[in-house]
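Commentary on secondary and tertiary structure
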Amino acid sequence: MPLQEFHYRDSQLYCEDAALSAIAQAVGTPTYVYSASAIRENYRAYERALADVPHRIHYAVKANSSLAVLALLAAEGAGFDIVSGGELYRVLRAGGDPSTVVYSGVGKTAAELEYALEQGIGAFNCESEQELDMLREVAARIGAKPAVALRVNPNIDAKTHPYISTGLSEHKFGIGLQAAESLYGEAAKWSPLEFTGISCHIGSQIFDTSVFEEVLSQMLALAARLCASGLPIEGINLGGGLAVGYEQGQPSASIAGYCQMLSSAFAGSRFALGLEPGRSIVGQAGALLTSVLVYKQADRKIFLVVDGAMNDLLRPALYSAHHEILPVFDAGGPRLLCDVVGPVCESGDFFATGRELPACSAGDLLAVATAGAYGFVQASNYNSRPRAAEVLVDGEAFRIVRERETREDLVRGEAS
Ligand code: LLP
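Summarised in this report is the structure supplied together with it. (Residues numbered from 1 in each chain as written. Predicted model: local features only at pLDDT ≥ 70, side-chain atom pairs only at ≥ 80, totals over all residues. Heavy atoms only, no water.)

1. Structural notes on the overall build of the protein chain
- Within the protein chain, the secondary structure is distributed over 12 helices and 21 strands.
- In terms of overall dimensions, the protein chain is globule-like: its C-alpha atoms have a radius of gyration of 22 Å, near the 22 Å expected for 416 residues.
- Along the first, second and third principal axes, the C-alpha atoms of the protein chain reach 70 × 55 × 40 Å.
- Within the protein chain, buried positions represent 55% of all 416 residues.
- Long-range contacts, defined as pairs at least 24 residues apart, comprise 69% of the intrachain contacts of the protein chain with a sequence gap of at least 6.
- For the protein chain, the computed accessible surface area is about 17,200 Å², with 50% contributed by carbon and sulfur atoms.
- For the protein chain, the separation between the mean place of its 32 positive charges and that of its 48 negative charges on side chains is 2 Å. (Helix = DSSP H or I, 4+ residues; strand = E, 2+ residues; numbered from the N terminus. Rg over C-alpha atoms; globule rule 2.2 N^0.38 Å. Buried < 20%, exposed > 50% of the residue type's maximum accessible area, 1.4 Å probe, protein only. Contact = heavy atoms within 4.5 Å. Areas by Shrake-Rupley, 256 points an atom, 1.4 Å probe, with all protein chains shown as cover. Lys, Arg positive; Asp, Glu negative; His and termini not counted. Charge placed at Lys NZ, Arg CZ, Asp CG, Glu CD.)

2. A look at the pairing of strand β2 (residues 12–15)
- Of the two faces of β2, both are covered, the one formed by Gln 12 and Tyr 14 as well as the one formed by Leu 13 and Cys 15.
- Alignment of strand β1 (residues 6–9) against β2, held across 4 bridges, turns out to be antiparallel. Bridging across to β2, Phe 6 finds its partner in Cys 15.
- Bridge count between β2 and strand β3 (residues 18–19): 2 bridges; the pairing is antiparallel. (Pairing = 2+ DSSP bridges.)

3. So, the environment of Gln 4
- Here Gln 4 shows up in the segment before β1.
- Its relative accessible area of 59% is what places Gln 4 among the exposed residues.
- Along the sequence, Gln 4 and Cys 15 sit 11 residues apart, while their C-alpha atoms lie 8.6 Å from each other.

4. Considering the site of the ligand
- Among the 18 residues in the neighbourhood of the ligand, the closest are listed as Ser 204, Glu 276, Arg 315, Tyr 319 and Tyr 374.
- At 2.4 Å from an oxygen atom of the ligand is found a side-chain nitrogen or oxygen belonging to Ser 204.
- Here an oxygen atom of the ligand sits 2.9 Å away from a polar atom, N or O, in the main chain of Gly 278.
- If the ligand stood free it would expose 590 Å²; the protein chains cover 92% of that surface.
- Tallied by class, residues from the shell around the ligand come to 5 nonpolar, 7 polar and 6 charged. (Near = heavy atom within 4 Å. Polar contact = N/O pair within 3.5 Å; in protein donor to acceptor, adjacent residues only side chain to side chain. Nonpolar A, V, L, I, M, F, W, Y, C, P; charged D, E, K, R; others polar.)

5. With respect to unusual backbone geometry
- Here the amide bond leading from Thr 29 into Pro 30 is cis, since omega sits at -5°, within 30 degrees of zero.
- Following the sequence through the fold, Pro 30 ends up in the loop between α1 (20–27) and β4 (31–35).
- A positive phi is found at Asp 10, a non-glycine position, where the angle reads about 50°.
- Along the chain, the position of Asp 10 falls in the loop between β1 and β2.
- Looking at Asp 10, the relative accessible area reads 77%, which means it is exposed.
- Here Glu 16, not a glycine, exhibits a phi torsion of approximately 50°, which is positive.

6. Observations regarding the pairing of strand β11 (residues 194–199)
- Of all 6 residues in β11, 5 are buried, a share of seventy percent or more.
- Across 5 bridges, strand β9 (residues 147–153) lies against β11 in parallel orientation. Pairing of Arg 151 across the sheet is with Ser 199, part of β11.
- Sheet topology note: the β11/strand β12 (residues 235–237) ladder contains 3 bridges and is parallel. From the neighbouring strand, Ser 199 faces β12, where its bridge partner is Asn 237.

7. Regarding helix α5 (residues 110–118)
- Within the sequence span of α5, burial applies to Glu 112, Leu 113, Ala 116 and Leu 117. Summarising the axial view, the buried residues of α5 lie within an arc of 135°, below the 170-degree limit, and thus occupy one face. When the buried face of α5 is taken as reference, the exposed residues oriented beyond 90 degrees from it are Ala 111 and Glu 118.
- Note on α5: the residue one or two positions beyond its end, Gly 120, has a positive phi of about 70°. (Arc of directions from axis to C-beta.)

What is shown is where atoms sit, not what they do.
Written as structure tokens, this is what we have:
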């Protein structure tokens, strides 16, 4: 977990040049804190490394869909990968260009397809024959000619957590290679859809980039066959999936190294490269700031009960995910083994178990690291807990980009 964006100065944890204690004092806790520079830098790392090949980075909105994050990436020139009409709405509200948007997902509704067509998005990554049928019908009705890439399921093991692995034939995602090829073969039948690309996404949090090479060689071979059969295939979208380091001292997979491999594979090819990175752009750029409510010495363990919980950051409970816990003040001193848990009424409500932390007491601040991706977006109101605030740091300045929810927000739209 390389903490460049979150680092200690005089025993105090900072995000860029803003002290997390100052943010907690101004905004309260729990609060998600994001580093604008880190997000920009990760995006630019992709752009720099792919400068020599025609490409488009479609940031995967699902990883962190805060308007401020989307606006920041739109200003960098990023495209977007969406999986719902709601995500498209966010991209548009944040000033994103619809023509840079690709729409993925295994179950799109007719209303969502119509909305996306009306907004003129760049392409649809289609995942079933039924979806093609629906898209064709809506497109014909409103006189659109959408660009389509079939999402191919290459039956390749991404060697990651089973819940976030998507590229095996046992998974619900994509269309098997042969079935996809026969759908491409009857392209004319699908008019007014225009089959201009192929796409795939085999999973998330992937360290072993050799699996991407394997997928890419399948995709390049398929694209070449389709072109030879007369289809105007222009692009290959490899999806997202690059891993970040969550554990102390564990480096993230290298964006530069990954893109170098892609760049050589695409050099001289007639196809443009598409990518849909999410986690590798925002994961390390965020932390969840939380306060200790209770120091509880139980029979066998010390529990630090904090004001953040599984409803704020679900990853430890859902995937047994590891997140480093960083004390916001750390003057050294003896460490104690603690479980860091939330107030929610479930034993699965923990951020960390058996961690060495300095002696803490009520009011002390902790940061749950590497929470910029799949953090706030997976938050809920479970236990009727208002969702956390979000803050964007840029240099020494910080601003609230989402207000903490209120009790009134909890019942908005309800009738008794
Ligand atoms: N494209 C598609 C079609 C996807 O399904 C995903 C992620 C991405 C791109 C972005 O992948 P990334 O670059 O972020 O790995 N909630 C889980 C992760 C779920 C990922 C779902 N799909 C977690 O917290 O680990």
